[in-house]
Amino acid sequence: MPQPDFFIDIDGVLCDGPNLIKGGPESLSFLRSQSSRFLLVTNTTRMSASDIEYKLTGIGYKISSEEIFPVSQATVEYVNSRYGHARCFLIGDESLDSLFQSHGHTVTRNEEPVDAVIVGQAQWSHFGEIDIARRLVEAGAEPVAMHKDPTWPDGGITRIGLGPIVAALQSTIARTITLIGKPEITFFETALARAGYPRSNTIMIGDSPQTDIAGATSAGLRTLQVRTGNGSGTSPNNCDWILDSIADLPHWYRSNFKH
Ligand SMILES: [Mg+2]
């Protein structure tokens, strides 16, 4: 079997909130030593690829921003392809403003005519944003959400994700919200196109049975689940392989792909 390429989730696989998951850096180094390519794919909406590079480097990973594909980037590329330059009402972290502006989009946090309402995550959200977003969608703007994950692991506690905010907006509008991130098949298609990996040779490593494993399976990828993060306490469920953690990757790789 040829050397596989990998998509690797970040939260719950490589780190748990601010903390390193033991063995992660060694496993990525191992993949490099085997000439297996990888792209880190994440539903994180509150950090740019550079921010994520800074965080991961700070806890011991050797990684560059070109090896990271966050859903915020996938979202801005979707808006580019659909509208060229768009007027966007943003919900979510302030870092999204500069990302969208850097692609030529006009960004507002006020109630004014827009082409799209973009929903990302912030540390705090409030009813006023959803109230404005509903009216803008009713006036014709496309509702676009980066994902609808219900929760995410943050250093020993579980926080709510973007899902509850997306559900709140969806409950007030007739139009179906466009979803961008995992587990949407288009996210995996975009990532495959960006990375240039053959679908049949790509393995998704993730902790979330729904977001990572089910999504990648639908997109025709093979899947490896880890039992850290959202995967703690889960048993094998339609994944091709399951490991206790990313630390076990080299042993698993040698068993399956050694020539
Ligand atoms: Mg995860």
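Let's shift gears to the layout of surface pockets. Of the voids in this model, the largest pocket is the one considered here, and its volume is about 410 Å³. Looking at the lining of the largest pocket, the elements that each hand over two or more residues are strand E10 (151-154) and helix H8 (209-218). Ranked by the residues each element gives to the lining of the largest pocket, the list is headed by E10, at four residues. In terms of residue class, the lining of the largest pocket is built from four nonpolar, twelve polar and nine charged. The two domains that each donate at least three residues to the lining of the largest pocket are domain 1 (5-43 + 182-257) and domain 2 (74-179). Of the voids in this model, the second largest pocket is the one considered here, and its volume is about 280 Å³. Gln121, Ala122, Gln123, Trp124 and Ile160 are, among the 13 residues lining the second largest pocket, the residues nearest its centre. Those elements that provide at least two residues to the lining of the second largest pocket are E10 and strand E11 (157-160). A class-by-class count of the residues in the lining of the second largest pocket yields six nonpolar, four polar and three charged.

Turning to the side chain of Thr75, a few remarks are in order. If you trace the backbone, Thr75 turns up in helix H3 (residues 71-83). For Thr75, a relative accessible area of 0% corresponds to the buried category. A polar side-chain atom of Thr75 sits 2.7 Å from the main-chain carbonyl oxygen of Val71. Thr75 has contacts with Phe100, Ile118, Val144, Met146 and Ile180, leaving out every residue within four places of it along the chain.

So, on to the domain arrangement of the chain. Segmentation of the chain into domains returns domain 1 (5-43 + 182-257) and domain 2 (74-179). The straight-line distance from the C-alpha centre of domain 1 to that of domain 2 is 26 Å. If you look at the interface, domain 1 gives 15 residues, while domain 2 gives ten residues. Taken together, the two surfaces of domain 1 and domain 2 that pack against each other cover about 960 Å², and 46% of this comes from carbon and sulfur.

Criteria and cut-off values
- Residues numbered from 1 in each chain as written.
- Predicted model: local features only at pLDDT ≥ 70, side-chain atom pairs only at ≥ 80, totals over all residues.
- Heavy atoms only, no water.
- 1 Å grid on protein atoms, 1.4 Å probe; cavity = no way out; pocket = protein on both sides within 12 Å on 5 of 7 lines; lining within 4 Å.
- Points joined across faces, edges and corners; volume = space filled by probe spheres on them.
- Helix = DSSP H or I, 4+ residues; strand = E, 2+ residues; numbered from the N terminus.
- Nonpolar A, V, L, I, M, F, W, Y, C, P; charged D, E, K, R; others polar.
- Domains from an automatic or database assignment.
- Buried < 20%, exposed > 50% of the residue type's maximum accessible area, 1.4 Å probe, protein only.
- Polar contact = N/O pair within 3.5 Å; in protein donor to acceptor, adjacent residues only side chain to side chain.
- Contact = heavy atoms within 4.5 Å.
- Buried area = accessible area lost by both parts, 1.4 Å probe.

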